[in-house]
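Here is how the chains run, residue by residue.
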Amino acid sequence: MGNLDFIDWNAVSVPEPYEELIGDLGIPYPIFPCGKNKAPLTRNGYKDASADPARVAEMFRACPGARIGMPTGRASGIFVIDIDIKDGPAAVDWMVEHDLQNQTKCVRTQSGGYHLWYRMPQDIDLRNTASRLMRGVDTRGNGGYVLIPPSDGYSEWNTLEPEALPSWLLDRLLARPEPAHRQIAAAVPYRDKGGTPYGLKALAEECHSIRAAPFGQQERTLNSSALKIGALVAGEEIDEGVALSDLLAAAKGMPSQPGRPRWRPQDVDAKVRRAFHDGMRNPRGSGRIVDDGTDYAAPLLAAIDARANLPERNIGALIPTSIMAVDGFLADFVSYTVRTARRPQPFAALAAGISLVSALAGRKYRSGSDLWTNLYTVSIIDSSGGKDHARKVIKRLLAAAGLMQYLGGEDIASGTALHTSLRIHPAKLFVLDECGDFLKGILGAKASAHKQQIARRLKELYTASGDVVLGTEYADQSEKNGRPREDVYNPIASICGTSTPAQFWDAVAGASLADGLMGRFLVFVPQENYPPLQDGEIVSIPDSLVDAAKAIVAGSQKHQPLNLRNLMNSSEAADPYTVPFAAQALPEKERIERRQETLLKQNEGTYITSLAGRIVENAVKLAMIRAVSRDPQDPVITQQDMAWGGELSLHCFDALRSGADRYAADNEGQARMKMVKEAIRTAGEATPRLILRALGMKISVKERDEALSGLLEGGWVTCEERKPEGRGRPSLVYRIA
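Conventions and cut-offs
- Here the residue numbering is sequential within each chain, running from 1 through the sequence in written order.
- For a predicted model such as this one, the threshold for reporting local features is a pLDDT of at least 70, and the threshold for listing and counting side-chain atom pairs is 80 or more; totals across whole chains, interfaces and linings nevertheless cover every residue.
- To obtain the side-chain values, all non-hydrogen atoms of the structure were used and water was disregarded.
- Working definition: helices are DSSP H or I runs of at least four residues, strands are E runs of at least two. Numbering for both runs from the N terminus.
- Under the scheme applied here, a residue whose accessible area is under 20% of the maximum for its type counts as buried, over 50% as exposed, and between as partly exposed, the area being computed with a 1.4 Å probe on protein chains only.
- The contact rule is simple, with two residues in contact once any of their heavy atoms fall within 4.5 Å.
- Throughout, nonpolar core names a set of buried Ala, Val, Leu, Ile, Met, Phe, Trp, Tyr and Cys residues whose side chains join them through atoms within 4.5 Å.
- A helix's residues, less one, multiplied by 1.5 Å, set its expected span.
- Buriedness for pockets is judged along seven lines, at least five of which must meet protein on both sides within 12 Å for an open set on the 1 Å grid over protein atoms alone, while cavities are sets there where a 1.4 Å probe fits but cannot get out, and lining residues have an atom within 4 Å of a point.
- Grid points are joined across faces, edges and corners, and a volume is the space filled by probe spheres set on the points.
- Amino acids are sorted into nonpolar (Ala, Val, Leu, Ile, Met, Phe, Trp, Tyr, Cys and Pro), charged (Asp, Glu, Lys and Arg) and polar (every other residue, Gly among them).
- Salt bridge, as used here: a side-chain nitrogen of Lys or Arg that lies within 4 Å of a carboxyl oxygen of Asp or Glu.
- Residues adjacent in sequence count toward polar contacts only when both atoms are side-chain atoms; beyond that, a polar contact is any pair of N or O atoms within 3.5 Å, and within protein one must be able to donate a hydrogen and the other to accept it.
- Confidence of the predictor in every single residue is expressed as pLDDT, which spans 0 to 100.
- In this analysis, axes come from line fits to C-alpha atoms, helices being fitted only over the stretch in contact, and the angle between any two N-to-C directions falls in the range 0 to 180 degrees.
- Roughly parallel means an angle under 35 degrees; roughly antiparallel means over 145; roughly perpendicular covers 65 to 115; every other angle is labelled oblique.
- Ring pairs shown here join Phe, Tyr and Trp side chains whose ring centres sit within 6.5 Å, with only the six-membered ring taken for Trp; geometry is labelled stacked below 30 degrees between planes, edge-to-face above 60, and tilted in between.
- Whether a charge lies above a ring is judged from NZ of Lys or CZ of Arg, which has to be within 6 Å of the ring centre and within 35 degrees of the ring normal.
- Two helices crossing with the near one rotated counterclockwise from the far one by less than a right angle form a left-handed crossing, whereas a clockwise rotation gives a right-handed crossing.
- We call two strands paired when DSSP finds no fewer than two bridges between them.

### Structural notes on the overall build of the chain
On a plain count of helices and strands, the chain comes out with 23 helices and 20 strands. Out of the 737 residues in the chain, the part that is buried amounts to 52%. Intrachain contacts of the chain at a sequence separation of at least 6 include 74% that bridge at least 24 residues.

Right, dumping it as structure tokens:
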């Protein structure tokens, strides 16, 4: 290794995460070190918190890389509302309904939830609460603490300062909670006409179950009951009109959960009819149904559960309004794409616009750090959610501008085919539908040799834009009949992919994340898979959008390259215009670099480092693309560009990391544990039988029990024994810890 005695190791220091908090006025809040499991690493926990730099340095010196805890309440002057996601998206929906995330300081947590920071009210003893405001919404006041950025997994969602706690929230926190009581719905009288006695009795009981369904289980109960009754109608046990009428009446009598949007009659009607008609495809009669507790709707419910067992909206998280604040070509592209869409998806439109600029600007621009514009993006939207429209706009725009040479094929057959395509034209955008299946095909354990070659080539191309990619060596390279090696200088290969959640996260689960290709993708997940439909305008591509695309292709007029022809000649090196950083942009870039370093240090030895290692690189590329979009003639990376690029890069990293945490695994045992954990998370609470059903029998009873044992031992789930009201054996019920 050589002689390293010349190094003064006492002078070598690695900055600690907490040091980012130290400003001109010192440390703004008292802090203390915490471990990866959130537990304090000091003897007296949050009571040891201090804002004195010397005391803080002493505490953190004993545990380098520790996460940062902050006591809440009077100790820091901060009161926190904790929006949790372990019980599903209801708490996030409540936050969004009241727009709380845009009214005060908001922090994204490692689990995908949110911390809303408020100034602690004076002379009021607000303490910790659990689900006082609504299920999944906790608070941290006197006697509590939270982890804060830049702790691993925690990031600032906005740049607001803590505001005063809204009076309506304070009133609800101070109100005495009503004593818990169980709502008991009156039983529906049995009909004496409209079916057999057996069928009418079953109809009455299922209608009763719908009305009495507890909050959090209403939709599942509605599906189950409508499926069962539909099956009995098909088995000629109940008249169809009678059954459907009673089911709809019961469903419309379901109470809405406090703090959540009210049930809309049209939604309830659609859910009942869909499940009812699904049930009618499997006729059942009294001769084939024994009232022994057997759930004969299980196969259909398993199909529903399989569809539901996808990442919730919070995998992608809410999208800060600042991320959508773009101008120039990007703003015009997003505007046109949104207003012409049947189902508008602005975030996916932004991803498509960024990908398009990255290709059009290829070989014309580079940053002062020699980063070029190539990027890989993927938008994750469910089927019929509007994921295809932005891709269609790209094709129409390039055709209208006469720039189809910038568009690659919609499938890539091999690494050699990819190399040949870039040899023909060295800057190309590959628009890939079903990108999840594509990634699974090239990264999965069963990928063929030529598919693996695509993955290797894509990894190489991502970092080779400033270099030359060497072609394949052939035995005969003679001028007459041979095939010489074909090199590609400065290749710009960009990807604009779309995928359904199931396909993409399945690819993530089956890929080796330490491989590095996944970490090169910017993952865009919209807030809603199904935004409201609109009558999209039928408008031709505007001339202004065509002209703007051509202006980007033309490059900067300030630049006089050594050889203009070389800019798009793959066999010779390009001489692009160097986009300068404004003075204020450099400190912003350094802040993002510190954030990346923190993530790398705190996740050393894990696959997270392969995902986090591209944050700064992607941030600079995004900032440059935003600058070129705004002014292709004289682009300058401003502080606002760099902040935007960093925010978007971190947002996409968080989306990919959240999904990887849920679905990626290093071995089969870990994969089964994550499958079981996700089934419990999706259901809210689940019995062992329900877990098997939710997973579509993908695992055996033994494998399920082993996974549950591991989850319990690791503290990820809790288990309680629940006794039935009447006769019967008690059952075990699991919940996310």
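### Here's the deal with the nonpolar core
Nonpolar side chains tend toward joint burial in soluble globular proteins. Of all hydrophobic cores here, the largest spans 110 residues; its most connected members are Ile354, Ile394, Leu439 and Phe504. Ignoring anything within four residues of it in the chain, the contact list for Ile394 reads Phe333, Ala352, Leu356, Leu407, Leu429, Val431 and Cys496.

### Digging into helix H10 (residues 346–360)
Turn by turn, an α-helix covers 3.6 residues, leaving residues three or four places apart pointing in a common direction. In this model, H10 (15 residues) spans 21 Å end to end at C-alpha, consistent with the 21 Å of a helix rising 1.5 Å per residue. With respect to burial, H10 is a largely interior element, 14 of its 15 residues being buried.

### Considerations on empty space enclosed by the protein
Applying the stated criterion to the full structure yields six cavities of 30 Å³ or more. For the largest cavity, the calculated volume is near 100 Å³. Lining the largest cavity we find Thr416, His419, Thr420, Arg457, Gly471, Thr472, Tyr474, Arg483, Pro484, Arg485 and Glu486. For the lining of the largest cavity, the leading source of residues is helix H12 (residues 415–424), giving three residues. Of the residues belonging to the lining of the largest cavity, the class tally is two nonpolar, five polar and four charged.

### Description of the pattern of salt bridges
When charged atoms on two side chains of opposite charge get close, those side chains can pair. The final tally for this structure, using the stated rule, is 27 salt bridges. For Glu537, the salt bridge identified is with Arg339, shortest N-O distance 3.5 Å. Taken together, the residues Glu537 in the loop between strand E17 (521–524) and helix H16 (543–554) and Arg339 in helix H9 (residues 328–339) connect sequence positions 198 residues apart. The class for Glu537 is partly exposed, based on a relative accessible area of 40%. Judged by its relative accessible area of 30%, Arg339 falls in the partly exposed class. With a closest N to O distance of 3.8 Å, Glu434 and Lys387 form a salt bridge. With Glu434 in the loop between strand E13 (427–432) and helix H13 (435–443) and Lys387 in the loop between strand E12 (376–380) and helix H11 (389–401), this residue pair connects regions lying 47 residues apart in the sequence. The exposure class assigned to Lys387 is buried, which follows from its relative accessible area of 9%. Each member of the salt-bridge network shares a partner with another, and the members are Lys387, Asp388, Arg391, Asp433 and Glu434.

### Focus: helix H7 (residues 265–279)
Under the 1.5 Å per step criterion, the end-to-end length of H7 is 21 Å for 15 residues, consistent within 8% with the ideal 21 Å. When we look at burial in H7, the residues that qualify are Val268, Asp269, Lys271, Val272, Ala275, Phe276, Asp278 and Gly279.

### With respect to the side chain of Lys105
Here Lys105 is to be found in the loop between helix H2 (90–97) and strand E4 (106–108). Overall, the relative accessible area of 10% leaves Lys105 in the buried class. Among the polar contacts made by the side chain of Lys105, one reaches the side chain of Glu156 at a distance of 3.1 Å. Look past the residues within four positions of Lys105 in its chain and what remains in contact with it is His115, Leu116, Trp117, Glu156, Asn158, Leu160, Glu161 and Pro162.

### Some points on the confidence of the model for the chain
Averaged over the chain, the pLDDT score is 83; the fraction of residues at 70 or greater is 87%. Predicted confidence is poor over residues 6–12, with pLDDT under 50, and the contacts of this stretch with residues over four places away or in other chains come to two contacts. Ignoring residues within four places in sequence, the model shows residues 299–316, a span with pLDDT below 50, making 58 contacts including any to other chains.

### So, the layout of surface pockets
Roughly 1600 Å³ of volume is contained in the second largest pocket. Lining the second largest pocket we find 48 residues, and of these Lys38, Gln110, Ser111, Lys677 and Trp716 sit closest to its centre. For the lining of the second largest pocket, the secondary-structure elements that each account for two or more residues are strand E3 (78–83), strand E5 (114–119), strand E7 (137–140), strand E8 (145–148), helix H20 (639–663) and helix H21 (668–683). Sort the elements by how many residues they give to the lining of the second largest pocket and H21 lands first, with six residues. Here the residues of the lining of the second largest pocket are counted per class, giving 15 nonpolar, 16 polar and 17 charged.

### Describing the packing of H12 against helix H14 (residues 449–463)
At their nearest, the axes of H12 and H14 sit 7 Å apart, and the two run at 40° to each other. By the angle class used here, H12 and H14 are oblique. Contact residues: H12 offers Gly415, Thr416, Leu418, His419 and Leu422, while H14 offers His450, Gln453, Ile454, Arg457, Leu458 and Leu461. When grouped by side-chain class, the residues that make up the contact of H12 with H14 number five nonpolar, five polar and one charged.

### Details of the packing of aromatic side chains
Aromatic ring pairs are described here by two measures, namely the spacing of the ring centres and the angle between the planes. For the coordinates displayed, the defined rule picks out eleven aromatic pairs. A ring pair is formed by Tyr376 and Phe521, whose centres lie 5.4 Å apart and whose planes are at 45°; its orientation type is tilted. Of this pair, Tyr376 sits in strand E12 while Phe521 sits in strand E17; the two residues are 145 residues apart in sequence, bridging distant segments of the chain. Each of the two residues, Tyr376 as well as Phe521, counts as buried. The interplanar angle of 80° and the centroid separation of 5.1 Å between the aromatic rings of Phe504 and Trp505 together place this pair among those described as edge-to-face. Owing to a relative accessible area of 0%, Phe504 belongs among the buried residues under this scheme. Here a set of aromatic residues connected by ring pairs shows up, and it is made of Phe32, Tyr46 and Tyr145. When the ring centre of Trp117 is taken as reference, the NZ or CZ atom of Lys105 above it lies at 5.2 Å.

### Some remarks on the packing of helix H19 (residues 615–630) against H20
At a closest axis distance of 7 Å, the pairing of H19 and H20 adopts a crossing angle of 130°. Here H19 lies oblique to H20, going by the angle between them. The hand of the H19/H20 crossing is right-handed. Counting all contacts with H19, which are made through Ile615, Asn618, Ala619, Val620, Leu622, Ala623, Arg626, Ala627 and Arg630, the residues of H20 involved are Gln640, Asp641, Met642, Trp644, Gly645, Gly646, Leu648, Ser649, Leu650 and Phe653.

### Digging into the sheet that holds E17
With parallel pairing, the four strands of this open sheet are ordered in space as E13-E16-E12-E17. Unpaired on one side and paired on the other, E13 and E17 mark the two borders of the sheet. Averaged over all neighbouring strand pairs, the angle between strand axes comes to 15°, with direction disregarded. In terms of strand pairing, E12 meets E17 through four bridges, oriented parallel. Its bridge partner lying in E17, Tyr376 is registered against Phe521. Set on the sheet, H11 makes contact with E13 and strand E16 (492–499); between it and E13 the angle comes to about 145°. Against the sheet, H13 touches E12, E13, E16 and E17, its axis set at about 115° to E16.

### Quick notes on the sheet that holds strand E1 (residues 32–34)
What the three strands build is an open sheet, ordered E1-E2-E8; its pairing is antiparallel. In this open sheet, the two edge strands, each paired with only one partner strand, are E1 and E8. Ignoring strand direction, the axes of neighbouring strands in this sheet form an average angle of 45°. Bridge count for E1 against strand E2 (residues 67–71) is three bridges, and the pairing is antiparallel. Following the sheet pairing, Cys34 is matched in E2 by Arg67. Helix H1 (residues 53–61) contacts E1 and E2 of the sheet and is inclined by roughly 20° relative to E1.

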